[in-house]
Structures are given as C-alpha cells and as structure tokens.
Amino acid sequence: WRGRERAPYSTLVPSDVFFSPPPPPQVTINYRHSLPVITIPLPTRSERCQFTVKPTVTTVGAFLQDVRREDKGIEKAEVFATDGSKVSDATLMEVLLMNDFKLIINNTAYSVSPPVKDKLSSEHATEMEDIKSLVHRLFVALHLEDHQIRKERELLEKLDHLKKELLPLEQMKARIMDSADAKTSRLLWVGLALMSTQGGALAWLTWWVYSWDIMEPVTYFITYGSAMAFYAYFILTKQDYIYPGAKDRQFLHYFYRKSKKQHFNVERYNKLKEDLAEAEESLRRLRQPLHLRLPIQEINDKD
C-alpha cells in the first residue's frame, strides 16, 4: 500500500434512493358495519374517495355511475375480471366482490383483491334466519289479508266486465251455431236421399231395363269414382273421410261463412273466453287460501 493514496470514503447515497417516485395509489376494500367500503383515488382531484355500497342491491353499473358522478374528469370507468373479460353492468356487487378484479379508470388499471369476509357463526346465522322468518310472518299477518281482499275485488270487477262483453257475442254465436247445425243436418239428409235414389236407379236398371251383365261395369265405375272422390278429399284436407270428421268440417265451414256475413269476430270472442277462464282460475286460487287462512299461491296476471 505504500506509494498509493487511498480514495476518500464517499458518504453519498445513490440518487434513486431519495428521488424514487412514490408508489401509485391503489384501490382498497374494507368492511365497515358489515358493508364494503371501496376507496378509490380520483384522477383529477388527487384525493382518495370512499364509496360504501350495498352488495345485495347495488349493481356494477350503479357503482361506476357513482364514481363518475363524484369526479367529472372520469371519462372511462369499467370493470374486468382477471381473465380479461368485461363484467356486465347488471352484475351485483356481491358477486363481483367474491373474486379479484380489475378496475379501469380513464387509462389507469387497478388490481383489486377484495378481503375475505368473515362468515357468520352457525348460531348467529340461525338467529338471523329466525328474525327474517318473524318479519315475514308479521308482514303477512298485517298486509296479506288486505291484499287478498283487494285482489279479489279486482278479479270480480274484471269478471263482470268480461261477462258483459261476452253476452252479446254469446247470443250471436248461438244463432250462428243453430243455423250452421241446421244446414249441416240438411246436407246429411240430402246425401242420404241421393244415395237412396242412386241405389233405386241401379236396381231398376238391373232388373227391369237391362241385365246384370250390362250393369256390372256401370256399378264398378261408380264404385271406382267414389274411391277417387274419397282420395281427393284426403289430398285436399289431409284427413281420412270419416263421417263424424266430415260432418264437423262442414259445420265449421257453414259457421265461419255465417260469422263473416254477420260480422262476428271469432278471434275477439276466443280472446275474451281465454281471459275469462284465466280470471276465474285466478279467483279460485285466491279464494282457497283466503278461506283456509293459508299462504296465498302466486297468481300471474296477464294483461
């Protein structure tokens, strides 16, 4: 070491130790009074803001709207899952807080890790369920009977209105059905008369005018022509020629033709009948628990 000058000991510290930028603010979540409190740094105001949300009621869209309302400088606020898929605005915050997610505010992305909420003990959970059940029974006891009576009155008024609308239509339908039934019966009797006339004519031609040798081909072609007529009926109607079915088809033909002449609206009549049946069924289901003092069944109203 002789002949060398030792370098003076430097007490300087690298500049990056003192001048390194502070870590960026993060989004934190804490629970206060069993409600999640989300702390978010606002970009334009340079301050942190806390948002208390109700996880079972608030949606992601409502939460982001509150964030934008707090800082007007926020132009973009979105939530993404860890796999990069966008979280729908209709998702409840309770579902979002079950897993990690990313919050995008303007051009800044924050990785958020919600804390695991302490689960209620089984005894406390049982107490909460008992309280909910008690509140439900109290609500039913105080409000259900009035609701049932009001609903019954509404259904009775609806039934009365539907019956008044159906009364003239029912009378017109009865007249049209009588006319169609009479025409169908006359057609059946005409068919019987024609068949009897045909049988008598063939018998007269066979025994008094010609012989069976001459009339046999005639009867064959008559039978073959009848088979062709039945086959044509099947092609046109896609149904076998059965007498009850043919009678009903002819009755409907007369009924709809008569309805058109008398301006009877079949579609409106069917709709009113369906509404009447639904109202009667709803009233029956409503009155059953009303008399027995049982919980009411759900009634689906169709407007």
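Because the structure is a prediction, the values reported are computed rather than measured.

Rules used in this analysis
- Residues numbered from 1 in each chain as written.
- Predicted model: local features only at pLDDT ≥ 70, side-chain atom pairs only at ≥ 80, totals over all residues.
- Heavy atoms only, no water.
- Helix = DSSP H or I, 4+ residues; strand = E, 2+ residues; numbered from the N terminus.
- Buried < 20%, exposed > 50% of the residue type's maximum accessible area, 1.4 Å probe, protein only.
- Contact = heavy atoms within 4.5 Å.
- Areas by Shrake-Rupley, 256 points an atom, 1.4 Å probe, with all protein chains shown as cover.
- Pairing = 2+ DSSP bridges.
- Axes fitted to C-alpha atoms, helices over the stretch in contact; angles between N-to-C directions.
- Core = buried A, V, L, I, M, F, W, Y, C linked by side-chain atoms within 4.5 Å.
- UniProt positions renumbered as here; feature names shortened; annotations may be inferred.
- Phe/Tyr/Trp six-rings, centres within 6.5 Å; stacked < 30°, edge-to-face > 60°.

### Overview of the overall build of the chain
If you tally the helices and strands in the chain, you get seven helices and six strands. Each helix and strand of the chain, placed in order from N terminus to C terminus, yields the pattern α-β-β-β-α-β-α-β-β-α-α-α-α. Evaluated residue by residue, the chain yields a buried proportion of 23% over its 303 residues. The contacts of the chain with a sequence gap of at least 6 include a subset with a gap of at least 24, amounting to 54%. Carbon and sulfur atoms form 58% of the exposed surface of the chain, whose accessible area is close to 23,200 Å².

### Concerning the sheet that holds strand β5 (residues 101-105)
The strand order β4-β5-β6 describes an open sheet built from three strands, whose pairing is antiparallel. Each edge of the sheet is formed by a strand with only one pairing partner; in this case those strands are β4 (77-81) and β6 (108-112). Strand-to-strand, the axes of this sheet are offset by a mean angle of 25°, without reference to chain direction. In this structure, β5 lies alongside β6, joined through five bridges in antiparallel fashion. Paired with Leu 103 across the two strands is Tyr 110, which belongs to β6. Strands β4 and β5 of the sheet are contacted by helix α2 (residues 60-70), whose axis makes an angle of about 140° with β4.

### Examining the sheet that holds strand β3 (residues 47-52)
Here we have three strands laid out as an open sheet, ordered β1-β2-β3, and antiparallel in their pairing. Only two strands of the sheet have a single neighbouring strand rather than two, namely β1 (28-32) and β3. With direction set aside, neighbouring strand axes in the sheet form an average angle of 30°. In this sheet, strand β2 (residues 35-42) lies alongside β1 in antiparallel orientation, the contact comprising five bridges. If you follow Ile 29 over to β2, its bridge partner there is Ile 38. This element, α2, spans β2 and β3 of the sheet and lies at about 145° to β3.

### What about the nonpolar core?
Ile 38, Ile 40, Phe 63, Val 79, Phe 101 and Leu 103 are the most contacted members of the largest nonpolar core, which totals 24 residues. Listing elements by their share of this core, those giving two or more residues are β2, β3, α2, β4, α3 (93-96), β5 and β6. Ranked by the residues each element gives to this core, the list is headed by α2, at four residues. The residues touching Leu 103, leaving out its near neighbours within four places in the chain, are Val 27, Ile 40, Leu 64, Glu 78, Val 79, Thr 108, Ala 109, Tyr 110 and Val 112. Counting residues in each nonpolar core, the second largest holds 18 residues, with Leu 159, Leu 166, Tyr 254 and Leu 286 among its members.

### A short note on the pairing of β3
Where β2 lies against β3, six bridges are found, and the strand directions are antiparallel. Counted as the bridge partner of Pro 41 is Arg 48 from β3. Joining the antiparallel neighbours β2 and β3 is a turn of four residues, in which Ser 46 adopts a positive phi near 55°.

### As for the UniProt feature "transmembrane region" (unreviewed entry) in the chain
UniProt records the feature "transmembrane region" (unreviewed entry) at residues 187-206 and 218-236, using the numbering of this structure. A helix fraction of 100% and a strand fraction of 0% characterise residues 187-206, whose end C-alpha atoms lie 28 Å from each other. Measuring from the first to the last C-alpha atom of residues 218-236 gives 27 Å, for a span that is 100% helix and 0% strand.

### Digging into the packing of aromatic side chains
Considering all chains together, one arrives at seven aromatic pairs under this definition. Judged by centre distance (6.1 Å) and plane angle (85°), the rings of Phe 51 and Phe 63 are edge-to-face. Placement of the pair is Phe 51 in strand β3 and Phe 63 in helix α2, with a sequence separation of twelve residues. Side by side, Phe 51 and Phe 63 carry an identical accessibility label, which is buried. Their ring planes at 75° and their centres at 5.3 Å tell us that Tyr 220 and Phe 221 sit as a pair that is edge-to-face. Residues Tyr 220 and Phe 221 agree in their burial class; the two are exposed. Ring pairing ties together the aromatic residues Phe 251, Phe 255, Tyr 256, Phe 264 and Tyr 269, which thus form one cluster.

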